[in-house]
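Understanding the architecture of this molecule
Residue-level listing of the chains:
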Amino acid sequence: MATDLLIHELGPKGDGVHRSPRGNVYVDRALPGDRVGVDITRDEAGVLRGDLVRVIEASPDRVKAPCPNYDVCGGCTVQHAGDDFYKHWKIEIVRDALRKKGLNPKIWREAVFLAAGGRRRATFTAVKKHNIVTLGHFRRRGRDVTDIATCLITDPAIMDLRATLATSIGPILPEGKTVSFFLQAVNGQFEIVITGPLGRTGKPDPQLREALLLLAKKSNVGRIAWRATPNDTAEIIVNLHPLHATFGKLDVALPPYAFLQPTQEGERALVEAVMAALPSTGKFADLFSGCGTFTGPMLERGPVDAFEDVASAIRALDKATGTRPLKAIRRDLYRNPLRRDEANRYDAIVFDPPRAGAEEQVQNLASGRVPILIGVSCNPTTFARDARILVDGGYRLDSITVIDQFTWSHHVELVAAFSKQPGRGPRGKRPVGGKKKRR
Ligand SMILES: C[S@@+](CC[C@H](N)C(=O)[O-])C[C@H]1O[C@@H](n2cnc3c(N)ncnc32)[C@H](O)[C@@H]1O
């Protein structure tokens, strides 16, 4: 029999949380204020999970999820939340992470919420069973793949390409094995990166390459690459025309599987927030630069040194045409972060690390004297940890802009501006022997 629970809050991954002395119960697709009937189980990690059987009394913030795949698809965790609730929750994720580290920016800039339907990169999973192809996402809380022909968050052009693939990839898929198809749209062109075994041998043979070439020609796909596993480098199988991205005035020929911000509008909002904090002239560094999303616009204000660990991204930036001088430097910023003396050469530094954050790097920056630091992050928790280090080192957290380009998910992005406070040493104290500022 289902257990009757009241949902008290949303958890960090968007699950409804019922607090109880036995421990929290996490209920997928529930909102605070919902009274729900659930089947409670303990998952492999020992966490109590409630499988939603029915909503007994709906929260006033509950709406009907607009997507027809909402019940089966593994994405879009909080599509059942009303707009006001959703926006407030997203901003609170960032506020809460900062609060936990005792941080409060001087200015909260207006949060940016982007419309659904702009995702220009998506990965679909394909499986062929008894010659029937399913191309979609893993089923919600399941291990089998379900067809996803409609997706409200993804660019319709990507969904059209998915539809073409669904009817044409049957002959190249091995029976019963999952293969993933990463589709990316850039400047009106498409790239496909296939990961997994293909054909009878598991690798693209000449016949299979021919089939992929025909597919590319038919569907305006500029490039198709393949790799056996996610750890392998993608091999280009079809190269009809290079895939170019433009960042500011910088034209970059993208390598396969290049990192791009997930939506064009999100990229625009992030660049705008970064540029609003960047000085109008100076010498700059772009750390974790990828292929140059920020490097390009920054170049319009002065020379930029771009640091990044992925060799293909650095090669692409090195060959990029546009405003100069740009130096593209391959460097592992976790093992070998910019030293304080190296950082001090710049007038401003932008850092946009992966979800793990940039703890090692900010430790070196905190004690330096770069006047302006601009952080971009898709993980408020690691960002808050890193921001605390900077503030303890004498930086002030001037502003935060919350940017939501991950509509209906629990993910959120932010841009933060920091400035070094004159005369402030580590932990916000004046350096020993430092002069007191006159009022
Ligand atoms: C969130 S992405 C940002 C990329 C770029 N700023 C953009 O907006 O397109 C993080 C970048 O950090 C790079 N990266 C990951 N680990 C790294 C490391 N140890 N050292 C330097 N860069 C790294 C990734 O390859 C990726 O390009």
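Residues numbered from 1 in each chain as written. Predicted model: local features only at pLDDT ≥ 70, side-chain atom pairs only at ≥ 80, totals over all residues.

Comments concerning the overall build of the protein chain
In plain terms, the rule: Note on conventions: DSSP H or I runs of at least 4 residues are helices, E runs of at least 2 residues are strands, and numbering of each starts at the N terminus. For a compact globule the rule gives 2.2 Å times the number of residues to the power 0.38, and the radius of gyration it is set against comes from C-alpha atoms. For the exposure call, what matters is how many other C-beta atoms sit within 10 Å of a residue's own: 20 or more marks it buried, 12 or fewer exposed, and in between partly exposed, using C-beta atoms placed from the backbone. We call two residues in contact when the distance between their C-beta atoms, placed using the backbone, is within 7 Å.
Summing up its helical and strand segments, the protein chain has nine helices and 24 strands in all. By the compact-globule yardstick of 22 Å for 439 residues, the protein chain fits well, its C-alpha radius of gyration being 24 Å. Principal axes of the C-alpha set define a box for the protein chain whose edges measure 80 × 60 × 35 Å. Taking all 439 residues of the protein chain together, 41% fall into the buried category. Summarising the internal contacts of the protein chain: among those between residues at least 6 apart in sequence, 60% fall at separations of at least 24.

Quick notes on the sheet that holds strand β12 (residues 179-186)
Using the following cut-off: Pairing between two strands requires that DSSP report at least two bridges joining them. For helices, the axis comes from a line fit to the C-alpha atoms of the stretch in contact; other axes are also lines fit to C-alpha atoms, and the angle between any two N-to-C directions lies between 0 and 180 degrees.
An order of β11-β10-β9-β12-β13-β14-β15 is seen for the seven strands of this open sheet, with the pairing classed as mixed. The open sheet has two edge strands, β11 (145-147) and β15 (235-239), and neither has a second partner. Pairs of neighbouring strands in the sheet enclose a mean axial angle of 35°, with direction left out of account. Two elements, strand β14 (residues 221-227) and β15, share four bridges in a ladder whose sense is antiparallel. By the bridge assignment, Arg223 is partnered in β15 with Asn239. Where helix α2 (residues 156-168) meets the sheet, its contacts fall on β9 (121-129), β10 (132-138), β12 and β13 (189-195), and the angle it forms with β12 comes to roughly 145°. Sheet strands touched by helix α3 (residues 206-218): β14 and β15. Its angle to β15, the strand with the most contacts, is close to 50°.

Observations concerning the confidence of the model for the protein chain
Quick note on the threshold: Every residue gets a pLDDT, meaning the predictor's confidence in that residue, from 0 to 100.
Predicted confidence across the protein chain gives a mean pLDDT of 93, with 96% of residues reaching 70 or more. Counted against residues more than four places away or in other chains, residues 428-439, with its pLDDT under 50, gives eight contacts.

Details of the sheet that holds strand β6 (residues 48-57)
Taken together, the six strands give an open sheet; going across it, the order is β1-β5-β6-β4-β3-β2, and neighbouring strands pair in mixed fashion. Edge strands, defined here as strands with exactly one partner in the open sheet, are β1 (3-6) and β2 (9-10). Here strand β5 (residues 35-42) pairs with β6 via eight bridges, running antiparallel. The residue of β6 that forms the bridge with Val38 is Leu52.

A short note on the domain arrangement of the protein chain
The figure often quoted for interface size is the accessible area lost as the parts come together. The test is simple: Delimitation of the domains relies on an automatic or database domain assignment.
Examined at the domain level, the protein chain breaks down into domain 1 (1-61), domain 2 (88-113 + 245-428) and domain 3 (121-186 + 188-242). Computed over C-alpha atoms only, the centres of domain 1 and domain 3 are separated by 36 Å.

Points about the environment of Asp144
Along the polypeptide, Asp144 turns up in the loop between β10 and β11. Classification of Asp144 as exposed rests on a count of 11 C-beta atoms within 10 Å. The sequence separation of Asp144 and Thr125 amounts to 19 residues, and the corresponding C-alpha distance is 9.9 Å.

As for the site of the ligand
Put simply, the test is: By definition, a residue lies near a molecule or strand provided its backbone-derived C-beta atom is within 6 Å of it. Asp, Glu, Lys and Arg are counted as charged, while Ala, Val, Leu, Ile, Met, Phe, Trp, Tyr, Cys and Pro are counted as nonpolar; the rest, among them Gly, fall into the polar class.
Taken together, the neighbourhood of the ligand is formed by 17 residues, with Phe288, Gly290, Thr293, Asp309 and Asp352 sitting nearest. Of the residues in the shell around the ligand, the class split is nine nonpolar, four polar and four charged.

Overview of the pairing of strand β19 (residues 304-308)
For β19, the buried fraction is high: five of the five residues fall into the buried class. Residues Val304, Ala306 and Glu308 of β19 are buried on one face, and the alternating residues Asp305 and Phe307, pointing to the opposite face, are buried as well. Where strand β18 (residues 284-287) and β19 come together, four bridges link them in parallel fashion. Looking at the pairing, Asp286 lines up with Ala306 of β19. Bridge analysis of β19 against strand β20 (residues 326-330) gives five bridges, and the strand direction is parallel. Of the residues in β20, the one forming a bridge with Ala306 is Ala328.

Side note on the packing of helix α1 (residues 83-100) against helix α9 (residues 380-392)
Put simply, the test is: Left-handed is the label given to a crossing in which the near helix is rotated counterclockwise from the far helix by less than a right angle, and right-handed is the label when the rotation is clockwise.
Following both chains from N to C, one finds α1 and α9 inclined at 35°, their axes separated by 9 Å at the closest point. The two elements α1 and α9 meet at a crossing, and its hand is right-handed. Contacts between α1 and α9 involve Ile93, Val94, Ala97, Leu98 and Lys100 from the first element and Pro380, Thr381, Phe383 and Ala384 from the second. Classifying every residue of the contact of α1 with α9 gives seven nonpolar, one polar and one charged.

A short note on the environment of Gly170
With respect to the helices, strands and loops of the structure, Gly170 is situated in the loop between α2 and β12. Sequence separation of Gly170 and Lys128 is 42 residues, and the distance between their C-alpha atoms is 7.0 Å. Discounting chain neighbours no more than four positions away, the residues touching Gly170 are Lys128, Asn131 and Val133.

Observations concerning unusual backbone geometry
The phi angle at Arg29 is positive, at roughly 65°, despite the residue not being glycine. Here Arg29 shows up in the loop between β4 (25-27) and β5. For Arg29, a count of 22 C-beta atoms within 10 Å puts it in the buried group. Unlike most non-glycine residues, Tyr257 shows phi in positive territory, near 65°. With respect to the helices and strands, the residue Tyr257 is situated in the loop between β17 (250-253) and α4 (264-277). Given 18 C-beta atoms within a 10 Å radius, Tyr257 is considered partly exposed.

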